[in-house]
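# Notes for the structure review
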Amino acid sequence: MTITLEDCRALDAQDPIAPLRGHFTLPPGVIYLDGNSLGVAPKAAAARVADVVTREWGTDLIQSWNTARWFDLPQRLGNQLAPLIGAGQSEVVCTDSTSINLYKVLSAALNIAREDSPARKRIVSERSNFPTDLYIAEGLCKERSLELVLVEPEEISAALTSDVAVLMLTHVNYRTGAMHDMAALTAAAHAQGILCVWDLAHSAGAVPVDLNGAGADFSIGCGYKYLNGGPGAPAFVWVHPRHADRFWQPLSGWWGHATPFQFTPDYQPAPGITRYLCGTQPIISLSALQCGLDVFTAAESLGGMAALRSKSLALTDLFIHLVEERCAGHGLGLATPREHARRGSQVCLTRDEGQGVNGAGSGAYAIVQALIARGVIGDYRAGSDAAGGAGKGNGGKVHKDILRFGFTPLYLGFEDVWNAVEHLRQVLDSGEWQRPEFNQHHAVT
Ligand SMILES: Cc1ncc(COP(=O)(O)O)c(C=O)c1O
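Note that the coordinates shown come from a computational prediction; the quantities given were computed from them, not determined experimentally.

## Comments concerning the site of the ligand
- Near the ligand, the surroundings consist of 13 residues, among which Ser 99, Asp 199, His 202, Tyr 224 and Lys 225 are the closest.
- A distance of 2.6 Å is found between an oxygen atom of the ligand and a side-chain nitrogen or oxygen belonging to Ser 99.
- Take Asp 199: an N or O atom from its side chain is 2.7 Å from a nitrogen atom of the ligand.
- Protein contact buries 84% of the 400 Å² of open area that the ligand shows by itself.
- Those elements that place two or more of their residues in the shell around the ligand are helix H5 (98-116) and helix H6 (131-144).
- Each residue belonging to the shell around the ligand can be placed in one class, and the counts come to four nonpolar, six polar and three charged.

As structure tokens, then:
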């Protein structure tokens, strides 16, 4: 079936959540397919941040901790975020970075899992998990003489043995967009007495998540991707209430104290998720994140996460269909699962080695650069060879170079998808990507 530009325009005209695009500042001429890396600025953010700086900080100064309710902003934003991830009220805080929050929850999970079973000495994760997750786990293993075991997705179930303390997974894979079955894997882990830590960096605000429904133990995720909280936005942390009061998290700073303004010399952890705070919070950044969360609150009346998910799947289906129809013969492959239940909100295309300029490399990086020059912003993730290449310990698996495209249904339309694929077709058909300027590598890809 051939899909035309007019068909895509008709889909946009019928799209019940199309008005949400009006909440965002999108530069003219840009088709932004990188919201899985850094989300677009909500229109309200500039005025909100200016108000925090000029009025709350500039005029009201230190009173704003009380009058502007700066002090409980991490909890208030956590409550606003909670419905997006299937968490209850008072179970989430927005704070620190994803890496730091992972250190806190992984430490707590290890303490709980090993309290009754000290023989559990392993953390299991996926070899192609995002590196910061693996590095934090590696550091904790070093500190506590434990072992980090890395496996392929299809090997996870078999790796859940009685010596494992924690299964640490990212729900939607950053390279491929493949999504795990959270409920099934959590149940399989629990059946072996193993606790689960879920990284929702590519899930929160992108796909419906039900942490409580899945019976998960701990979760963390980013504020700057699909939540549109701004560069370096505070992350979030969720702990199941059955665990929240059991252990101190290791960064036992004064914001996690039960009574911080009594300034006692000893630490008494606050009950519940508040103990997962550490020190003074970045109020300006939290205020920007609030503007991102406000858009999801506005989306509620238009169908909320269910409507966002159904549009996201329609956008990614359309992209896959058009790429396969219009860009055939250029060596592109699909790294993202076709099956809806296994797909996040991104599509990743592969390109084989030897297809680059003069047979060097894959050309994937240059194709992405040529697209960016045309205003179609996606990104590139390098592959790794069988010997390890870019990724240590890849266990002999070859990962191809990837062209990565994120689809944020809050601000992308079907016509955007059609135009993006048309640019890709032109870049490939004309060989424009082979130009020297597109083959020079930048520090941040
Ligand atoms: C799965 C995952 N976890 C964590 C991070 C980043 O963590 P941090 O915000 O601490 O840099 C990313 C960044 O892309 C990610 O994809």
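## Overview of the nonpolar core
- The biggest cluster of nonpolar side chains holds 95 residues, and the ones touching the most others in it are Ile 85, Leu 167, Leu 227, Phe 236, Phe 319 and Phe 407.
- Here this core spans two domains, since at least three of its residues come from each of domain 1 (5-32 + 304-435) and domain 2 (50-299).
- Dropping the residues within four chain positions of it, Phe 407 is found in contact with Leu 33, Tyr 226, Leu 315, Thr 316, Phe 319, Ser 345, Gln 346, Val 347, Leu 412 and Val 417.
- Formed by 30 residues, the second largest nonpolar core is a distinct cluster that contains Ala 165, Phe 218, Val 237 and Ala 244.

## Some thoughts on the state of the cysteines
- Summed over all chains, the structure comprises zero disulfides.
- Free cysteine Cys 278: the closest other cysteine sulfur is in Cys 94, separated by 16 Å.
- Classification of Cys 278 as partly exposed rests on a relative accessible area of 21%.
- Counting only cysteine sulfurs, Cys 8 is the nearest neighbor of Cys 327, a cysteine outside any disulfide, at a range of 13 Å.
- Accessibility expressed as a relative area gives 3% for Cys 327, which makes it buried.

## Points about the sheet that holds strand E8 (residues 235-239)
- Pairing is mixed in the open sheet, where seven strands are placed in the order E2-E8-E7-E6-E5-E3-E4. In this open sheet, the two strands that pair with only one neighbour each are strand E2 (92-95) and strand E4 (147-151). Averaged over neighbouring strand pairs, the angle between their axes works out to 20 degrees when direction is ignored.
- In this sheet, E8 lies alongside strand E7 (residues 218-221) in antiparallel orientation, the contact comprising four bridges. Looking at the pairing, Phe 218 lines up with Val 239 of E8.

## Focus: helix H8 (residues 182-191)
- Among all positions of H8, only Met 182, Leu 185, Thr 186 and Ala 189 are buried. With its buried residues spanning 100 degrees around the axis, H8 presents them on a single face.
- Packing partners of the buried residues in H8 comprise helix H7 (156-159), strand E5 (164-170), strand E6 (195-199) and helix H9 (211-214).
- Of the residues that open H8, the one with a side-chain oxygen 3.3 Å from the backbone nitrogen of Ala 183 is Asp 181.
- Phi turns positive, to about 75 degrees, at Gly 193, one or two residues after H8.

How each quantity is defined
Think of each chain on its own: its residues are numbered from 1, step by step along the sequence as written. The model is predicted, so local features are restricted to residues of pLDDT at least 70 and side-chain atom pairs to those at 80 or more, both for listing and for counting; the totals for chains, interfaces and linings are taken over all residues. Water and hydrogen atoms play no part in the side-chain values, which are based on all heavy atoms of the structure. In these notes, residues near a molecule or strand are those with any non-hydrogen atom within 4 Å of it. Whenever a nitrogen or oxygen atom comes within 3.5 Å of another N or O atom, the pair is scored as a polar contact, on the condition that within protein one atom can donate a hydrogen and the other can accept it, and that pairs from neighbouring residues in sequence are kept only if both atoms are in side chains. Under the convention used here, a 1.4 Å probe and the Shrake-Rupley method define accessible areas, while residue burial counts only the protein chains that appear. A run of H or I in DSSP counts as a helix once it spans at least four residues, and a run of E counts as a strand once it spans at least two, with each numbered from the N terminus. Ten residues, namely Ala, Val, Leu, Ile, Met, Phe, Trp, Tyr, Cys and Pro, are considered nonpolar, four, namely Asp, Glu, Lys and Arg, are considered charged, and the remaining ones, Gly among them, are considered polar. To define a nonpolar core, start from buried Ala, Val, Leu, Ile, Met, Phe, Trp, Tyr and Cys residues and group those joined through side-chain atoms within 4.5 Å. Only protein chains enter the area calculation, which uses a 1.4 Å probe; residues under 20% of their type maximum are buried, those over 50% are exposed, and those in between are partly exposed. Note that the domain bounds reflect an automated or database-derived domain assignment. Residues count as neighbours in contact if any of their non-hydrogen atoms are within 4.5 Å of one another. Any two cysteine sulfur atoms within 2.5 Å of one another count as a disulfide. We treat two strands as partners when DSSP finds at least two bridges between them. Note on geometry: axes are C-alpha line fits, over the in-contact stretch for helices, and angles between N-to-C directions span 0 to 180 degrees. Summarising the geometry, the arc corresponds to the directions from the helix axis toward the C-beta atoms.

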